[in-house]
Number of protein chains: 2
Amino acid sequence: MTGIDHSADRGERAFVRRLAELLGSGPPGAAAPFGDDMAGVPGSGRLLWSTDMLLDGVDFLSEKHPWRTIGRKAMAVNLSDCAAMGARPLAALCAVTAGPGLTVDDLMDLHAGAQEIGLANECPIVGGDTNEWGNPTAIAITVLALADEDVPPVLRNGAQPGDALWVSGPLGGSILGRHLWFEPRVPLGRTIAAQLRPHAMMDISDGLVIDLARMLEASGCTGAELDEALMSAAIHADARQLSADDGKPPIEHALYDGEDFELLIALPPDASAAVCSSLGLIHIGRILEQPRREAPAPSAKPKTPSILLAQARGGIRPLEIRGWEYLR
Amino acid sequence: MTGIDHSADRGERAFVRRLAELLGSGPPGAAAPFGDDMAGVPGSGRLLWSTDMLLDGVDFLSEKHPWRTIGRKAMAVNLSDCAAMGARPLAALCAVTAGPGLTVDDLMDLHAGAQEIGLANECPIVGGDTNEWGNPTAIAITVLALADEDVPPVLRNGAQPGDALWVSGPLGGSILGRHLWFEPRVPLGRTIAAQLRPHAMMDISDGLVIDLARMLEASGCTGAELDEALMSAAIHADARQLSADDGKPPIEHALYDGEDFELLIALPPDASAAVCSSLGLIHIGRILEQPRREAPAPSAKPKTPSILLAQARGGIRPLEIRGWEYLR
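Rules and cut-offs
Residues numbered from 1 in each chain as written. Chains lettered and ligands numbered in written order. Predicted model: local features only at pLDDT ≥ 70, side-chain atom pairs only at ≥ 80, totals over all residues. Heavy atoms only, no water. Least-squares fit on C-alpha atoms with pLDDT ≥ 70 in both. Contact = heavy atoms within 4.5 Å. Helix = DSSP H or I, 4+ residues; strand = E, 2+ residues; numbered from the N terminus. Expected span 1.5 Å × (residues − 1). Buried < 20%, exposed > 50% of the residue type's maximum accessible area, 1.4 Å probe, protein only. Buried area = accessible area lost by both parts, 1.4 Å probe. Polar contact = N/O pair within 3.5 Å; in protein donor to acceptor, adjacent residues only side chain to side chain. Nonpolar A, V, L, I, M, F, W, Y, C, P; charged D, E, K, R; others polar. Salt bridge = Lys/Arg side-chain N within 4 Å of Asp/Glu carboxyl O. Pairing = 2+ DSSP bridges. Axes fitted to C-alpha atoms, helices over the stretch in contact; angles between N-to-C directions. Parallel < 35°, antiparallel > 145°, perpendicular 65-115°, else oblique. Left-handed = near helix turned anticlockwise from the far one by under 90°.

Student: It is not clear to me how the relation of the copies chain A and chain B should be interpreted in this structure. Could you clarify?
Tutor: Superposition of the two copies of the chain requires a rotation about an axis and a shift along the axis. With an RMSD of 0.0 Å, the operation that places chain A on chain B is a rotation of 180° combined with a shift of 0.0 Å along the axis. The two molecules are tied by a two-fold rotation axis, judged by turn and shift. Taken as a fraction of all interface residues of chain A, those also at the interface in chain B reach 100%, which identifies the copy contact as same-surface.

As structure tokens, then:
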């Protein structure tokens with residue numbers, strides 16, 4: 001967890017901009033532009049796919065975590081991307097490079113854990129690649145998904161000023177275990193897409209504030225306001241438990257901890273609160289009514305949006321935009 | 001390069017059998033069964049996909065090879081899988097975990113090299129995942145392809161006794177440079193599939209003999225005979241150059257060296273030699289006329305096929321089945 005380096009042309013945002021310049025802003029006829037939770041397939045309006053590499057010592061600890069659990073997580077992070085698009089998973093490929101000491105039994109456990117959560121979401125592993133080397137184990141699962149015929153995939157770049165912000169569940173403290181063992185919101189994501197027609201949706205993988213900033217940037221929105229009173233319903237018990245140990249206010253964990261894998265949803269302000277509540281969604285704030293800028297080209301250098309916290313005791317606190325970011 | 005361990009229930013073949021048991025023999029309605037060069041997508045008769053992980057120190061040497069060349073290879077090995085199915089590539093995802101010292105410029109070079117050979121084969125990179133860690137760089141590219149409407153994908157499990165064996169180009173000595181910089185046979189693979197309707201096809205990645213053994217096993221065939229006189233046209237100049245240094249007969253390099261990425265093709269015996277020659281294919285032998293066994297279930301333990309060399313000076317030499325194999 002580190003701050004974004006705003007001072008230099010480095011960091012993840014700078015890299016992604018350069019990559020977008022190199023690769024182009026997205027294939028024609030694809031269901032999603034470059035930089036969303038899943039990528040589109042050119043010429044195929046409804047097919048989506050994504051890949052995630054998980055690393056021993058970074059995303060899991062093989063000394064501590066069972067391989068079945070590790071395999072489950074490697075599949076679940078990809079299923080969470082499907083959930084974020086409101087799409088139906090179709091199948092997965094599982095590529096593994098085994099580190100020293102990983103036995104064939106461990107490899108089977110890894111695949112069994114991935115297959116288990118995959119099948120629970122109708123997403124069987126149908127192929128892959130297995131290698132070995134003298135370094136820690138790396139796992140790359142790729143998932144293919146299909147948007148429902150009458151429900152276009154929900155992108156992260158469609159949020160609008162005035163939209164209400166909701167999350168699919170309480171946040172923070174995932175390090176106590178949920179970071180490894182979470183339920184990807186696949187059926188819920190599809191229901192939200194079909195019933196609520198969100199303007200934007202993404203999964204919260206690096207922390208609420210930084211992921212919200214990414215949604216605002218992608219959508220060309222200048223800012224959002226989170227409501228501390230509403231947020232109290234979005235603080236996970238794990239965040240409160242962690243606070244008891246580290247003395248930080250629980251809301252800090254809800255705002256900044258990574259690997260929640262809940263959904264962040266931008267809904268038109270007139271969306272049915274009754275439907276939202278029936279789906280277990282939690283209202284946390286809104287996108288500010290400032291004049292909307294044109295959505296920037298993927299290669300354009302975006303302005304950092306402002307994210308404010310309307311405090312329960314009154315007053316507004318600007319939130320520092322930070323969270324997990326690679327290539328600092 | 002090591003021998004297969006026939007004595008214990010270990011090794012790649014044993015692992016793949018156990019994996020097939022775990023995952024099932026292939027999704028219903030998919031274009032290819034488990035274990036082929038590409039996997040099928042359930043419910044989608046023509047979609048194929050594959051993933052390959054390439055590792056610093058194993059598949060490339062970042063101290064020696066430029067990142068642009070490394071990125072090119074990471075894409076090309078996947079395009080070679082498309083060629084092996086006779087399928088048309090659609091798009092790719094590129095996941096990279098950067099090792100220490102890999103700069104953003106290096107990452108851009110890697111993506112540029114992959115994109116270049118991708119676009120040359122109408123296979124743009126449309127998304128991916130980038131991470132970093134303290135270990136060597138790992139690259140996992142996934143490619144999606146579509147079989148032509150009236151040309152079913154060519155599997156490796158359809159070879160029949162009496163089939164003629166052909167290769168798409170000369171073999172051996174790839175370590176002199178072609179292992180890193182080769183032309184995936186994408187257009188040729190599609191032409192072969194459409195014009196010659198092969199019984200089986202695969203790319204030669206681990207060596208002619210071991211890959212031929214895999215084709216025979218998958219097809220339930222008991223053996224094949226390579227013809228030394230014919231093979232002389234299938235020995236690459238690099239194999240001869242290597243022989244001048246290491247004293248091994250050039251044909252040994254053609255038979256056993258890995259990473260040729262040429263196509264191995266089993267054609268009905270009445271296939272047009274004129275068409276084959278016009279496509280630059282080289283005739284190397286035939287599948288033996290022994291009674292064909294039933295093709296085994298993917299989970300069944302296959303018998304090792306016999307591969308013979310009909311020597312130019314007369315006499316038959318049984319060839320040891322060895323080549324690159326992981327999980328020894």
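Student: In this structure, what is going on with helix H5 (residues 208-219) of chain B? I would like to understand it.
Tutor: Helical periodicity: at 3.6 residues per turn, an α-helix aligns residues three or four positions apart in one direction. All names here are of chain B. Helix length check: H5, at 12 residues, gives a terminal C-alpha distance of 16 Å against a target of 16 Å (1.5 Å per residue), a fit within 8%. Buried within H5 we find Leu-208, Val-209, Ile-210, Asp-211, Leu-212, Ala-213, Arg-214, Met-215, Leu-216, Glu-217 and Ser-219. Two residues or fewer after H5 comes Gly-220, characterised by a positive phi angle close to 70°.

Student: Can you walk me through the environment of Pro-184 of chain A in this structure?
Tutor: Residues and elements named next belong to chain A. Turning to its location among the elements, Pro-184 is positioned in the loop between strand E7 (164-167) and helix H4 (186-196). Pro-184 sits in the buried class, given a relative accessible area of 5%. For the pair formed by Pro-184 and Glu-262, sequence separation is 78 residues and the distance between their alpha carbons is 7.7 Å. Once residues within four sequence positions are removed from consideration, Pro-184 is found in contact with Ala-76, Leu-79, Ser-80, Ile-117 and Asn-121.

Student: Is there a simple way to think about the interface of chain A and chain B in this case?
Tutor: It is common to give the size of an interface as the accessible area that goes away when the parts come together. Counting residues at the interface gives 56 residues for chain A, matched by 57 residues for chain B. Summed over both partners, the interface of chain A with chain B comes to about 5000 Å²; 74% of that surface belongs to carbon and sulfur atoms. By the criterion of area lost to chain B, the three top residues of chain A are Trp-49, Met-53 and Trp-133 of chain A, representing 14% of everything that side buries. Where chain A touches chain B, the interface holds 5 residue pairs in polar contact (both at pLDDT 80 or more). The set of elements that each furnish at least two residues to the side of chain A that touches chain B consists of helix H1 (11-23), strand E2 (39-41), strand E3 (44-55), strand E4 (88-98), helix H3 (104-120), strand E5 (125-132) and strand E6 (138-146) of chain A. In terms of residue count, E5 of chain A provides more of the side of chain A that touches chain B than any other element does, 8 residues in total. In the side of chain A that touches chain B, the residues fall into 36 nonpolar, 13 polar and 7 charged.

Student: Even after reading the chapter, I still don't get unusual backbone geometry, so can you show me in this structure?
Tutor: Peptide bonds are trans in most cases, and residues, glycine excluded, mostly fall at negative phi. Residue and element names in this part refer to chain A. With phi around 60°, Phe-261 is a residue other than glycine that occupies positive phi space. Here Phe-261 is to be found in the loop between helix H8 (250-256) and strand E10 (263-267). For Phe-261, a relative accessible area of 5% translates into the label buried.

Student: Explanation requested: the pattern of salt bridges in the structure shown.
Tutor: Charged atoms that come close allow side chains of opposite charge to pair. Throughout the structure, instances matching the rule amount to 30 salt bridges over all chains. For Glu-252 of chain A, the salt bridge identified is with Arg-317 of chain A, shortest N-O distance 3.0 Å. Taken as a pair, Glu-252 of chain A in helix H8 and Arg-317 of chain A in strand E13 (residues 316-319) lie far apart in primary sequence, 65 residues in all. We classify Glu-252 of chain A as buried; its relative accessible area is 14%. Across the salt bridge formed by Asp-260 of chain B and Arg-178 of chain B, the nearest N and O atoms sit 2.9 Å from each other. Taken together, the residues span a long stretch of sequence, with Asp-260 of chain B in the loop between helix H8 (250-256) and strand E10 (263-267) and Arg-178 of chain B in the loop between strand E7 (164-167) and helix H4 (186-196) at a distance of 82 residues. When its relative accessible area of 15% is taken as the criterion, Arg-178 of chain B is described as buried. Among the charged side chains, a network of salt bridges with common partners joins Asp-36, Asp-37 and Arg-156 of chain A.

Student: Sorry, what's going on with the sheet that holds strand E12 (residues 306-310) of chain B here?
Tutor: In any sheet, the strands associate via hydrogen bonds between backbone groups, in a parallel or an antiparallel arrangement. Residues and elements named next belong to chain B. Taken together, the 7 strands give an open sheet; going across it, the order is E8-E10-E7-E11-E9-E12-E13, and neighbouring strands pair in mixed fashion. For this open sheet the edge positions go to strand E8 (200-203) and strand E13 (316-319), each flanked by a neighbour on one side alone. The sheet shows a mean angle of 25° between the axes of neighbouring strands, direction not considered. By the bridge criterion, 4 bridges tie E7 to strand E11 (residues 282-287) in an arrangement that is antiparallel. Residue pairing for E11: Trp-166 is matched across the bridge by His-283. Contacting E8 and E10, helix H2 (residues 67-85) runs over the sheet at an angle of about 170° to E8. Contacts between H4 and the sheet are confined to E8 and E10, with E10 contributing the most and set at about 0° to the helix.

Student: Can you walk me through the packing of helix H2 (residues 67-85) of chain A against H3 of chain A in this structure?
Tutor: Packed helix pairs are characterised by how far apart their axes lie and by the angle those axes make with each other. Residues and elements named next belong to chain A. With their axes 6 Å apart at the nearest point, H2 and H3 run at an angle of 40° to one another. The angle between H2 and H3 falls in the class oblique. For the pair H2 and H3, the crossing hand works out as right-handed. Counted together, Trp-67, Arg-68, Gly-71, Arg-72, Met-75, Ala-76 and Leu-79 of H2 and Asp-106, Asp-109, Leu-110, Ala-112, Gly-113, Ala-114, Glu-116, Ile-117 and Gly-118 of H3 form the full contact between these two elements. Of the residues belonging to the contact of H2 with H3, the class tally is 8 nonpolar, 3 polar and 5 charged.

Student: Even after reading the chapter, I still don't get the packing of H1 of chain A against helix H3 (residues 104-120) of chain B, so can you show me in this structure?
Tutor: Direction vectors running N to C along H1 of chain A and H3 of chain B enclose 25°, while the axes themselves pass 11 Å from each other. In this view, H1 of chain A runs roughly parallel relative to H3 of chain B, as classed from their interaxial angle. Relative to H3 of chain B, H1 of chain A is oriented so that their crossing is right-handed. For the pair H1 of chain A and H3 of chain B, contact is made by Phe-15, Arg-18, Leu-19, Leu-22 and Leu-23 of chain A and by Val-104, Asp-105, Leu-107, Met-108, His-111, Ala-112 and Gln-115 of chain B, respectively.

Student: Looking at this structure, how should I read H1 of chain A?
Tutor: Taking 1.5 Å of rise per residue, the 13 residues of H1 of chain A would be expected to cover 18 Å, and the 18 Å separating its terminal C-alpha atoms lies within 8% of that figure. Those residues of H1 of chain A that sit buried are Gly-11, Glu-12, Arg-13, Ala-14, Phe-15, Arg-17, Leu-19, Ala-20 and Leu-23 of chain A. Looking at the buried positions of H1 of chain A, the neighbouring elements they touch are helix H5 (208-219) of chain A together with H3 and strand E5 (125-132) of chain B. Looking one or two residues past H1 of chain A, Gly-24 of chain A carries a phi angle of roughly 90°, positive in sign.

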